[in-house]
Amino acid sequence: MERYWGIMIVAAVVTYLIRALPFLVFSNGRTPEVILYLGRVLPYAIMGFLVVFALRNTEWADHTSSIPIVAATATVILLQRWKRNMLLSVVASTVLYMFLLQVVFV
Amino acid sequence: MKRALRAAFPFTIPVLFGYLALGFAYGLFSVDSGLTPLAVLFSSMFVFAGAMQFVLVGLFQSDVSLFLVAVLTFSINSRLMFYGLTLLQRMSTLGPLKPFAIHMLTDETYALITGVPTPEGVDDKYFLFSILLLGYIYWAIAATLGALFGAFVHINTTGLDFAMAALLIALFTDQWLATKEHRPALIGIGTSLLTLFLFGPSRFVLPALFLSIAMLFVFRGRLEEVKKL
């Protein structure tokens, strides 16, 4: 049980330090111009990264894995372009994905 | 604050779905592996990082050293430090709430914060904090419910976790449509695909983000005019 708490505390402290790192480094005085530049452009790059990150475990060679992913991803993009309704895009594509996985490509 | 919470809630509904599914699965899995519901709640409250919490369940049963736990935690969660880096200014006015806001940053809530414009008449810092707080609460509740009732509920949730990916893709699409300057987004996708191909899904995160930053500096002269989000 002691070991259990030790692991939990280490994981919690390290995770908090990772999240807090930029705030600790740039805590005193003004934020450098380069960091302000990153603050403007990096979110766009991170969003691109997050899309790849979300799909990173797809087995592209296996069509029972790739077809549902491609179909659901296309659904999100097209619905979002068309209706601009986040909830609709997420629900419709997720339902389609679950249907493809559970019924079509069992 | 109440007003900000009300304004933020509709935007967080996709996160609610995603966290309910994943958090519930996490709670169920943990209890199956011998954790108590209280341990599940504490892990969700104090570690609060989905993938890492799944890994922790395995670590509790192993005999790895605490140093290795720290190294593993760093390698799995390192991407989180880049989020705060772009929020230094927006979070600087949060005052006593700031340490909590920092703790509650996740992939999904970060994407919402940068992707959704703060509605008219709502204080930006409270809107941002509301999104973070709601995500935090959803996860803790879902994980605890999974730990308490997971064994009695039989729903086939295969594929429900796509809600998370869908949210990120939808936010990306919105951001893409909102600007004519697509180079930062293309840099993010390009470097991620390249490093994913080179290093594989479990090791591409840090190379992707550092390479992105390097490329953003290469194009700095031409990207300086990009407007603030």
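Things to note about the interface of chain B and chain A
Then, number 1: Contacts between chain B and chain A engage 91 residues on the former and 63 residues on the latter.
Then, number 2: Carbon and sulfur atoms make up 78% of the surface buried where chain B meets chain A, a total of about 7,100 Å² over both sides.
Then, number 3: At the surface where chain B touches chain A, the tally comes to zero salt bridges.
Then, number 4: Counting every contact that joins chain B to chain A gives ten residue pairs in polar contact (both at pLDDT 80 or more).
Then, number 5: At 14 residues, helix α9 (residues 162-177) of chain B tops the list of elements feeding residues into the side of chain B that touches chain A.
Then, number 6: Of the residues belonging to the side of chain B that touches chain A, the class tally is 60 nonpolar, 22 polar and nine charged.

Topic: the packing of helix α7 (residues 107-115) of chain B against helix α8 (residues 124-149) of chain B
Residues and elements named next belong to chain B.
Then, number 1: Interaxial distance between α7 and α8 falls to 10 Å at its minimum, and their mutual angle equals 160 degrees. Here α7 is positioned roughly antiparallel relative to α8, judged by the angle of their axes. By crossing handedness, the relation of α7 to α8 is classed as right-handed. Across from T109, L112 and I113 in α7, the residues of α8 making contact are L128, I131, L132 and G135.
Then, number 2: For the contact of α7 with α8, a count of residues per class yields five nonpolar, two polar and no charged.

Here we look at the side chain of E181 of chain B
Then, number 1: Mapped onto the elements of the fold, E181 of chain B is located in the loop between α9 and α10 (183-199).
Then, number 2: At 2.9 Å, the side chain of E181 of chain B forms a polar contact with the side chain of R183 of chain B.

Observations regarding the confidence of the model for chain B
All names here are of chain B.
Then, number 1: Mean pLDDT for chain B: 90, with 98% of residues reaching 70 or above.
Then, number 2: Across chain B, helix α6 (residues 98-103) holds the top mean pLDDT of 97, while helix α12 (residues 220-223) sits lowest at 82.
Then, number 3: The complex model carries a pTM of 0.85, and its ipTM stands at 0.90.

Observations concerning the environment of I77 of chain A
Then, number 1: Counting through the fold element by element, I77 of chain A comes out in helix α3 (residues 63-83).
Then, number 2: Setting aside anything within four residues of it in sequence, one finds I77 of chain A in contact with I169 and T173 of chain B.

Thresholds, definitions, all that
Residues numbered from 1 in each chain as written. Chains lettered and ligands numbered in written order. Predicted model: local features only at pLDDT ≥ 70, side-chain atom pairs only at ≥ 80, totals over all residues. Heavy atoms only, no water. Contact = heavy atoms within 4.5 Å. Buried area = accessible area lost by both parts, 1.4 Å probe. Salt bridge = Lys/Arg side-chain N within 4 Å of Asp/Glu carboxyl O. Polar contact = N/O pair within 3.5 Å; in protein donor to acceptor, adjacent residues only side chain to side chain. Helix = DSSP H or I, 4+ residues; strand = E, 2+ residues; numbered from the N terminus. Nonpolar A, V, L, I, M, F, W, Y, C, P; charged D, E, K, R; others polar. Axes fitted to C-alpha atoms, helices over the stretch in contact; angles between N-to-C directions. Parallel < 35°, antiparallel > 145°, perpendicular 65-115°, else oblique. Left-handed = near helix turned anticlockwise from the far one by under 90°. pLDDT = per-residue confidence, 0-100.

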